[in-house]
Amino acid sequence: MAEKTNVMRIFDKLKIDYKEYTYEGGALSGTEVAKQLYIDEKKVFKTLVTVSKSLKYYVFMIPVSAELDLKKAAACVKEKSLSMLKSKDLLPLTGYVHGGCSPVGMKKVFPTVIDSAVLACDTLVYSGGKIGYQVETSLSDLQKAVKVTTGDLTV
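Here is what the cut-offs are and how they apply
Residues numbered from 1 in each chain as written. Predicted model: local features only at pLDDT ≥ 70, side-chain atom pairs only at ≥ 80, totals over all residues. Heavy atoms only, no water. Helix = DSSP H or I, 4+ residues; strand = E, 2+ residues; numbered from the N terminus. Rg over C-alpha atoms; globule rule 2.2 N^0.38 Å. Contact = heavy atoms within 4.5 Å. Areas by Shrake-Rupley, 256 points an atom, 1.4 Å probe, with all protein chains shown as cover. Salt bridge = Lys/Arg side-chain N within 4 Å of Asp/Glu carboxyl O. Buried < 20%, exposed > 50% of the residue type's maximum accessible area, 1.4 Å probe, protein only. Pairing = 2+ DSSP bridges. Polar contact = N/O pair within 3.5 Å; in protein donor to acceptor, adjacent residues only side chain to side chain. Axes fitted to C-alpha atoms, helices over the stretch in contact; angles between N-to-C directions.

A. Main features of the overall build of the protein. Summing up its helical and strand segments, the protein has five helices and eight strands in all. Tracing the protein from N to C terminus, the helices and strands come up as α-β-α-β-β-α-β-α-β-β-β-α-β. Against the 2.2 N^0.38 benchmark of 15 Å for 155 residues, the protein shows a C-alpha radius of gyration of 14 Å, consistent with a compact globule. Contacts in the protein between residues far apart in sequence, at least 24 positions, make up 61% of those at least 6 positions apart. Accessible surface, the protein: about 8,400 Å² in total, of which carbon and sulfur atoms supply 54%.

Dropping the structure here:
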């Protein structure tokens, strides 16, 4: 068994059922991770962090093969505009590195929105909080750990 990540410890504490996956190769693209794990990429989600002009932070989860539409994302959180958080700011803000960012277990709680494509999935797969680790849960179980809403987020 692989080592437990903070995400897995949080799930264990909350008695949330999850499946864990590990992969080799470092910070791969989400589509490469899906291929390596033999999982349909439509149910593999990446976690992106954005910032507004007023320095409010927002987390978005979208399918790995999709691109975040910043205008749609801003509308979902009632902001005029958003920009992607710089990679160097990710670790100090969230506690996670690029390629290992999970919506679960961030240093602070940020508004989190997942693309409505998730509604077509029984389960979703996303970062386990460390490069090389993925977890799979239902949306309802994810919502037990993080307050997540859904919205139309992709291009």
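B. Looking closely at the pattern of salt bridges. Enumeration over the complete set of coordinates arrives at six salt bridges. For Glu-136, the salt bridge is made with Lys-43, and the minimal N-O distance between the two is 2.8 Å. Highlighted residues: Glu-136 in strand 7 (residues 133-137) and Lys-43 in the loop between helix 2 (30-37) and strand 2 (45-52), separated in sequence by 93 residues. For Glu-136, a relative accessible area of 11% corresponds to the buried category. Ionic pairing is found between Lys-144 and Asp-141, a salt bridge with its closest N-O pair at 2.9 Å. Here the residue Lys-144 and the residue Asp-141 both occupy positions in helix 5 (residues 139-145), the gap between them amounting to three residues, near one helical turn.

C. Local environment of the pairing of strand 6 (residues 124-127). Relative to strand 7, strand 6 runs antiparallel, the two sharing four bridges. Following the sheet pairing, Val-125 is matched in strand 7 by Glu-136. Here strand 6 hands over to strand 7 after five residues, with Gly-129 in that stretch at a positive phi of 95°.

D. Structural context of the environment of Thr-5. Secondary-structure assignment places Thr-5 in the segment before helix 1 (6-13). By relative accessible area, which is 4% here, Thr-5 ends up buried. Separated by 128 residues in the primary sequence, Thr-5 and Tyr-133 have C-alpha atoms spaced 8.2 Å apart. With residues up to four places along the chain from it excluded, the contact list for Thr-5 reads Gly-128, Lys-130 and Tyr-133. At 2.6 Å, the side chain of Thr-5 forms a polar contact with the backbone oxygen of Gly-128.

E. A look at the sheet that holds strand 1 (residues 19-22). The three strands are arranged 1-7-6 in an open sheet whose pairing can be described as antiparallel. Whereas interior strands pair on both sides, the edge strands pair on one side only; in this sheet they are strand 1 and strand 6. Neighbour to neighbour, the strand axes of the sheet diverge by 30° on average, direction disregarded. Across the sheet, helix 1 touches strand 1, strand 6 and strand 7, and the angle it forms with strand 7 is around 25°.

F. Just the sheet that holds strand 4 (residues 82-84), in detail. Strands sit in the order 4-2-3-5-8 across an open sheet of five strands; the sheet is mixed. Each edge of the sheet is formed by a strand with only one pairing partner; in this case those strands are strand 4 and strand 8 (148-151). Strand-to-strand, the axes of this sheet are offset by a mean angle of 35°, without reference to chain direction. Here strand 3 (residues 57-63) pairs with strand 5 (residues 112-115) via three bridges, running parallel. Note that in strand 5 the partner of Met-61 across the bridge is Ile-114.

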